[in-house]
Structure formats: structure tokens, C-alpha cells
Amino acid sequence: MTIDVSKWPFGVNQDNQVDFDEADKSLAMAVKAKDPTLKLCMGCGTCSAGCTAGALTDFNIRQMFLLLNRGRNDEVAEKINNCMLCGKCILGCPRGVNTRNVILTIREVLEK
Amino acid sequence: MSEYVFSPYVIPFTAGLIFVIIATFYFWIKALKQLDPEETRKVKENLFSLRIVPILFSWVKEVFLESLLHRKIFRQNFLLGLMHMLIAFGWFIAIFAEHIRLWVYTLNPIEPIYFPIFLFDFLRPVGAESAVGMSPAPMLFEMTTFMMVFIFLHDFFMTMILTGKALSIVKKYKPGLFGMTGGVKHNQYDKLIVMLLMLLFIPRMFAVGCSVYNYGDAMVVVNGISPSVYAFLSYNFGQVLGGLGLASYESVFWWIYSFCIGAFFVALPFTRYMHIPTEPLFIFLRKCGVSTGKKYTGFSELEVLSCPRCGICFDRCQLNTTPGMDVEVQPIYMLEGVRDKEPDEEKVFKCLLCERCEATCPVDIDISNIRITQREKFNENKFKKDTNRYDYLDDAGYRSNGGNADVVYFAGCMTHRTPGTKKAMNALLNKAGVKYMNLDAEDSVCCGQPLIVDGFRDEAQKLISENTKRIKDSGAKILVTSCPVCYNSFRKEYDLDGVEVMHHTQYLKKMVDEGKLNVKKTGKKVVFHDPCELGRIGGEYEAPRDLLKKAGTLIEPDDIKDDGLCCGGSLANTKLTNSEERAVAGDALNRLLAKKPDILITACPLCKKTLEKVSDNKVEIMDISEFLLE
């Protein structure tokens, strides 16, 4: 019997490889310069667990930050607008990341 | 009278007055032209119908009570109100009284505009003909009882103004007496015009004093009252000046006075005192039913010009009053930037929109709405508008319940983060036997308010239409929400066709009143924290209090209702740092707990969570529904 992973309540990522020498980290640097609280993120995923948009799409803030750090900016740009800015993430964050502002900053920096 | 009395010193005053009148009309017409067509229609509708009578009546009433007597400032602080009243009302009534004196004398309502201001020089008692540099000779009057009364009134009103000025000096050094902190920083033009206003009554007193001294024996005793009594200020001050040998400089003082007042008028349109000529029009338009809503229009422009930068908002703002915080984003600064067409991004965005400022603004400016429109303007330049960003909602696969619920319960995103509230509400609704459904138990969609207050109203429309569809589909007539943010969103942004929007405090009160829910009295001392979104913005203060009085012993902290404190967790803010938010929350919590309650009750999941974060388990924090369930 084949297992259909798309029915699982969580996503399974494709294998992938990040080359930090070639990755474009300019976006991540610009966002962190504008909102340094992003540096506090430890990737626990509390934000994504309750995310309103995340329940409806494959939007995932934790993944968004990971993609950003790895220079996969196209994927960030594609998904970032799914966020509803509702603020559930910020209530859960144990590290005090100003998640809503980070999302807006990413959008703003992407525009430039 | 064919020839008007004239003296060259009236020129600076007259030029200044003409300038300020032209400037006023320029600003008025500019603002009126920028009115939204809808607003213009409202004004025209009212202007050309019988409704104009009550509107005019209430307009006069409000201009008199607020612009002259400063009733709202009196409510803030007696001394502060007294100072404003003495200066504004004193000045107005002094000018008015001098006009009456002139009109009654000449029986001619059209006199040169400079005339009443320099009346003491131009209108002299019989026997005091010699005036300096005046052509033709001054007009003369018999010293009758009428004239005596008006000279007395002039001195009386001048005393009022000077007392007001003296109070304003006291205020500068002892702002605490006036209920202020005195930390407002005004720009150089504002400082200049305050100096001019301060100065211009001093040369006036010198000039009037000299005039009265130079009248000499013409200041006769009337009805047995000597001039030192009926002209208690100008006569006695004139005697002092005469004694010092200054009386011959009378025309010099008139020149200085005229220059000061002319400079005051020229500076006025560039400073905060522009609120004086714009406020009457602003109040009139508001009486016609215009207000700043979703768009920045000519009316908003008038509101911005009407801000007197009195600083009351500054002393109310928790970003200023919280110990250790010094964030200068208060309306007084924000509106100044908007007025000068260069709004500052930090000042526009770094705000909790708690509306503490708006609740006490003596001019009633729609501060929050103006701030949101400014945010929208910034966002237009910053972000590519993407109104299709939530099109994924079409595929969200919402399943209809068949439309057979009486009540639909929308917990709200924030409530999902404080599940205790949600559980308690479900339990209470079951207990009351209500036929209800949870609208956002799964696949919830945000109400859109966080986007709206952050300046993305266009992009929020998709969320609004999706939620509207779901609410209407449920068939319910009452929408209950546990989150005051959603409550305001549903009330103000949604078109729900007769579905009644209620916050859960209101609905629970209704259930209790109808006898469907029983509340047991516990002996616990509770304090209720007014959430900004429910209280000041939503206008609901009493429902939670009624419930708590039935269920416990309600004690009220110092800051309640309109003075309620913001917890600092507002979704309207994205720019405040985490530590700043915690500072606001910590300060609010300390002030709420001053009377040592057993339980701190709130009705907003966001407040609950934010206060819990800083409470260190000092006190139990509960939502009102959890408390009632207990």
C-alpha cells in the first residue's frame, strides 16, 4: 500500500540542499537590519502551529524565516502574502519576535 | 459720518487682520473643495432644509461652550479650564463689549475694523480732545452711566485675560497644578506665537493706561463713582504710568500694541493657533453629520488644522506616562506632521490605537481614523497592493451547517490563543440551552480588523466578504464574539443585514437578564479591566460590570471606563518593541492591582494574554466568561 503523505496533518518537505556560499542572503540581512527581533527566532514553530492562514494554505511562518535565511527568496515572495496579520503568532512566540512586523518588513524589502 | 478717524499706527493691525482673514478663507475653501462628494451632499442637504435651524442652534451652543468656555477642559482640570476660559472668553467678550460701546455711540454698524481695538484713543470723553497724530480729531462722548459701565466692563475683561495669562505663566513652572506634565515640545513658530499672545496685552494696558491718564480731568466722577473705581485697572495703572512720566509715550505704546497684534495675526496661520478660525467651521460640518471615516478628506484637513496642540493627549498617552518610556508619537506630534504634509512614519505607526487620547480630546478630533488613513498612505508607497492575496479562501472548503442556528459564536483568532475563554463560552451557551454553532472552530478566517488598523483596508475586503458569507449562511440572527477587536470589526466594517453583533459580555448579560443563566454570588473581590476595543471604541462599559456585580464584589481601580488603561498588546501596533509593550503592560497591571483584588477580570483575550505575560502569577487573571462559569 502506498502512503499518501498529502493527507497527513503536517507537510513533508522534499529533500533539498542549501549552498550558503551561493545563497542570496541580502533579503535576510535587510530584514534583520530593519527588525532585529527576527534574530531571536529559535525556530520552535509555535507561531506556525496556530497560524490562521497556515490552517488554510501551506503558509508557514517558521518555514518563511528558514527560507529567508537560506536565500530562497522567490519562495518567500510567493507565499508571504498569505498572512492575514491576525497576530496569533505573536501571542505564542516565546522569544519575543515581533512577527507581524517581520512579515511586513519582508514584504516591504521584497518590494524594493 | 463722512470721514473716519485714523491714525497711522492702525496699519500693522489692519494689515495683519486682513492677512488672517484671507488666510482663513484660503484654508476654508481649500478644505471645502476637498470634501468627499458624499460629505458635500450631506452638508448641502442640511443647509437647504429646515434642519438647519436646530443645527445652527447646536452649533452656536457648542462653539460657545467649547471654543469659548472650554467646558471639556474644565472637566479635565479646573485650573486648566479656567486658564483657557479666561483668555479665550475674556478676549472674545472684551472685543465684543468694545464693539457694543462703539455701535451704541455711533448707531452705525459699519465702522472701520480697527476702530473698536483702539477705541480708548479714538473715542475720548469730552474735555480730552488732544490726541497725538490723529486726524481728524477723536470722537467725543459724554461720560454717561452707559459709558462708565462699558469702561468698567473693559477693565473687568482685561483683568480676566491678564489673570489667564498669569495662570499660564504659573502653568509653565508648575504644570502639576494644571494636571499636566509639561513635557510637550512645541516648535519654534508655536513658541513665537505664545510669546506674542503673552506680549500683546501688556502694551495694550500701557497704551490704555496712558490714554486714560491723558484724559486728565475729563474722567469725571459719575453717579458718585470715582474713575479709580469704575476704571479700576486702566485709571489706576495710568496714574502709575503718569507718575513715572511715561504718559507722553502713549502713541509709542499704541504702535507697539498694533505691531504685536499684527504680528500675531500674520503668524497665526502657520501655528497651532490656526485652530481658532478653523474650529467653528469644523464644528459646523460635524453638526451636519460629517466625520472622518475611512478616507482622508477636506474635513480631516480641517480636523488637523483644528488641533490646538494643547497637550492633553500627550499626558494621557501611556507611551508617555509609563515610567521609563518616552515615545513621542502622541496625536499632538502626529497631527503636526500631517498638517505640514510631512507625516513621520514612526509617529504614524508606533501607536496602540487605544483611543485614550481621543476620549479626552477637547476638540473631539477623530484621531484614530486620521492615523489609519495616514498609515494607508504610507503603505501605498511601501507595498505593492495585492487585493487578490486571499483568493485562496475560495478554495478553503467551508462546509455549511444548513443554516439552522439561532446564535453563531465567533471566538476570534485571539480567543483561540486563550482557549479557556472559548471553552467557558461553549459551556455557558450549552448551559443556557442556546441553539448555537461555532463559526471558527476550524478553518477560521481573521475578521480583517488587524489589517484595517494597520492600513490595509482594501486587502481586508476579501476576509470580510468571506466571513460575511459564512455568517449569513449560518442562518443566525445574533453573532456573538469573544474578541472585542472582532466585535468592532463586525459592527463597523461588515454589512450583515440585520444580524445583531454582540460581544460575549453583552450576550451573557442578556442570558442572565432573561433568566436562562444563573449567576451565583461569590465573595471574591474582583477588578474589571476595560479593554480599549470594548470600552472606548466599542462603547460597552456597563454589561461586564452588571455581570460582575451579580457574581462577585466589584472594586473599581482609579483608571476605569474612558480612563481605562491599554494593556499594550494591541494589534494596531507593529512598531513597538517587545520590551516597550511589556513596560506598558507592567505599568497597567500595577495600576489595576493597586486595590489588591483577588482576581483580575477582563473581557478581551488579547488583554488577558498580555497581562498574564507580565503578571508573574501575582494575581489570577480570568476572562469574564471563565469567572461566570465558576
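Residues numbered from 1 in each chain as written. Chains lettered and ligands numbered in written order. Predicted model: local features only at pLDDT ≥ 70, side-chain atom pairs only at ≥ 80, totals over all residues. Heavy atoms only, no water.

Moving on, we come to the overall build of chain B. The helix and strand tally for chain B stands at 30 helices and ten strands. With the principal axes as the frame, chain B shows a C-alpha extent of 95 × 50 × 45 Å. Buried positions account for 57% of the 630 residues belonging to chain B. Residue pairs at least 24 apart in sequence account for 75% of intrachain contacts in chain B once pairs closer than 6 positions are excluded. Carbon and sulfur atoms form 59% of the exposed surface of chain B, whose accessible area is close to 26200 Å². Side chains of chain B carry 73 positive and 73 negative charges; the gap between the two charge centres is 4 Å. (Helix = DSSP H or I, 4+ residues; strand = E, 2+ residues; numbered from the N terminus. Buried < 20%, exposed > 50% of the residue type's maximum accessible area, 1.4 Å probe, protein only. Contact = heavy atoms within 4.5 Å. Areas by Shrake-Rupley, 256 points an atom, 1.4 Å probe, with all protein chains shown as cover. Lys, Arg positive; Asp, Glu negative; His and termini not counted. Charge placed at Lys NZ, Arg CZ, Asp CG, Glu CD.)

Attention now moves to the packing of helix H3 (residues 52–68) of chain B against helix H5 (residues 78–106) of chain B. All names here are of chain B. Two elements in contact, H3 and H5, have axes whose closest approach is 9 Å; the angle formed by their N-to-C orientations is 130 degrees. If you check the angle between H3 and H5, you find them oblique. Residues Phe64, Ser67 and Leu68 of H3 form the contact with H5, whose participating residues are Met85, Ala88, Phe89 and Phe92. Across the contact of H3 with H5, the residue classes tally to six nonpolar, one polar and no charged. (Axes fitted to C-alpha atoms, helices over the stretch in contact; angles between N-to-C directions. Parallel < 35°, antiparallel > 145°, perpendicular 65-115°, else oblique. Nonpolar A, V, L, I, M, F, W, Y, C, P; charged D, E, K, R; others polar.)

Under the defined criterion, the tally for this structure stands at 47 salt bridges over all chains. The partner of glutamate 108 of chain A in a salt bridge is lysine 382 of chain B, and the shortest N-O contact between them spans 3.9 Å. A residue pair is termed interchain when its members come from two chains, as with glutamate 108 of chain A in helix H7 (residues 99–111) and lysine 382 of chain B in helix H19 (residues 367–382). Of the two residues examined, glutamate 108 of chain A and lysine 382 of chain B, each falls in the buried class. (Salt bridge = Lys/Arg side-chain N within 4 Å of Asp/Glu carboxyl O.)

We now examine the sheet that holds strand E7 (residues 525–529) of chain B. Residues and elements named next belong to chain B. Across the sheet, which stays open at both edges, the four strands sit in the order E8-E7-E9-E10 with parallel pairing between neighbours. Two strands lie at the open edges of the sheet, namely strand E8 (553–555) and strand E10 (620–623), each paired on one side alone. Here the strands of the sheet are splayed against their neighbours by 35 degrees on average, with no regard to which way each runs. Alignment of E7 against E8, held across three bridges, turns out to be parallel. Residue pairing for E8: lysine 525 is matched across the bridge by threonine 553. (Pairing = 2+ DSSP bridges.)

The subject of this paragraph is the interface of chain B and chain A. Counting residues at the interface gives 32 residues for chain B, matched by 28 residues for chain A. Both faces considered, chain B and chain A share a buried interface measuring about 2700 Å² in area, 55% of it formed by carbon and sulfur atoms. At the surface where chain B touches chain A, the tally comes to three salt bridges. The salt bridge partner of glutamate 459 of chain B is arginine 107 of chain A, with a shortest N-O separation of 3.2 Å. Linking chain B with chain A are 16 residue pairs in polar contact (both at pLDDT 80 or more), by the criterion used here. Among the secondary structure elements, those contributing two or more residues to the side of chain B that touches chain A are helix H20 (413–416), helix H22 (449–453), helix H23 (457–474) and helix H29 (605–615) of chain B. Of the residues in the side of chain B that touches chain A, the class split is 16 nonpolar, five polar and eleven charged. (Buried area = accessible area lost by both parts, 1.4 Å probe. Polar contact = N/O pair within 3.5 Å; in protein donor to acceptor, adjacent residues only side chain to side chain.)

Let us look at the layout of surface pockets. Residue and element names in this part refer to chain A. For the second largest pocket, the calculated volume is near 1000 Å³. Surrounding the second largest pocket, 37 residues form its lining, Phe10, Gly11, Asp58, Phe59 and Asn60 being those nearest its centre. Every element with two or more residues in the lining of the second largest pocket is listed here: helix H2 (46–49), helix H3 (52–56), helix H4 (61–69) and helix H5 (73–79). The leading source of residues in the lining of the second largest pocket is H4, at four residues. (1 Å grid on protein atoms, 1.4 Å probe; cavity = no way out; pocket = protein on both sides within 12 Å on 5 of 7 lines; lining within 4 Å. Points joined across faces, edges and corners; volume = space filled by probe spheres on them.)

Another point: helix H12 (residues 275–287) of chain B. Residues and elements named next belong to chain B. Taking 1.5 Å of rise per residue, the 13 residues of H12 would be expected to cover 18 Å, and the 17 Å separating its terminal C-alpha atoms lies within 8% of that figure. All of the buried residues along H12 are His275, Pro277, Thr278, Glu279, Leu281, Phe282, Ile283, Phe284 and Leu285. For H12, the secondary structure elements touched by its buried residues are helix H1 (10–33), helix H2 (37–47), H3 and helix H13 (298–305). At the C-terminal side of H12, glycine 289 shows a positive phi close to 95 degrees. (Expected span 1.5 Å × (residues − 1).)

With that settled, the discussion passes to the nonpolar core. Counting residues in hydrophobic clusters, the biggest one holds 108 residues, and the most contacted among them are Met84 of chain A together with Leu479, Phe490 and Tyr507 of chain B. Taken domain by domain, this core gets at least three of its residues from each of domain 3 (398–513) and domain 4 (525–629) of chain B. Leu123, Phe150, Val222 and Cys260 of chain B belong to the second largest nonpolar core, which has 74 residues in total. (Core = buried A, V, L, I, M, F, W, Y, C linked by side-chain atoms within 4.5 Å. Domains from an automatic or database assignment.)

Turning next to the environment of proline 125 of chain B. All names here are of chain B. Along the chain, proline 125 falls in strand E1 (residues 123–125). Classification of proline 125 by relative accessible area gives buried; the value is 1%. Between the alpha carbons of proline 125 and methionine 139 there is a distance of 8.3 Å; along the sequence they are 14 residues apart.

All names here are of chain B. With parallel pairing, four strands are arranged side by side in an open sheet as E4-E3-E5-E6. Whereas interior strands pair on both sides, the edge strands pair on one side only; in this sheet they are strand E4 (436–438) and strand E6 (500–503). Averaged over neighbouring strand pairs, the angle between their axes works out to 25 degrees when direction is ignored. Pairing analysis gives four bridges linking strand E3 (residues 407–410) to strand E5 (residues 478–481), with the strands arranged parallel. In the sheet register, valine 407 faces E5, and the bridge partner there is isoleucine 478. Across the sheet, helix H25 (residues 504–513) is in contact with E3, E5 and E6; its angle to E6 comes to roughly 95 degrees.

What follows deals with the domain arrangement of chain B. How big an interface is tends to be stated in terms of the accessible area lost upon association of its parts. Residues and elements named next belong to chain B. As far as domains go, chain B holds domain 1 (10–34 + 69–270), domain 2 (283–382), domain 3 (398–513) and domain 4 (525–629). Here the C-alpha centroids of domain 2 and domain 3 sit 30 Å apart. The interface is formed by seven residues belonging to domain 2 together with eight residues belonging to domain 3. Counting the surface lost from both domain 2 and domain 3, the interface buries some 630 Å², and carbon and sulfur atoms represent 49% of this. Sorting the residues of domain 2 by area buried against domain 3 places Lys294, Glu376 and Asn379 first, and these three jointly supply 62% of that buried surface. At the junction of domain 2 with domain 3, the criterion picks out three salt bridges. The partner of aspartate 454 in a salt bridge is arginine 375, with the nearest N and O atoms 3.6 Å apart. It is H19 that provides the largest number of residues to the side of domain 2 that touches domain 3, a total of four residues. Across the side of domain 2 that touches domain 3, the residue classes break down as three nonpolar, one polar and three charged.

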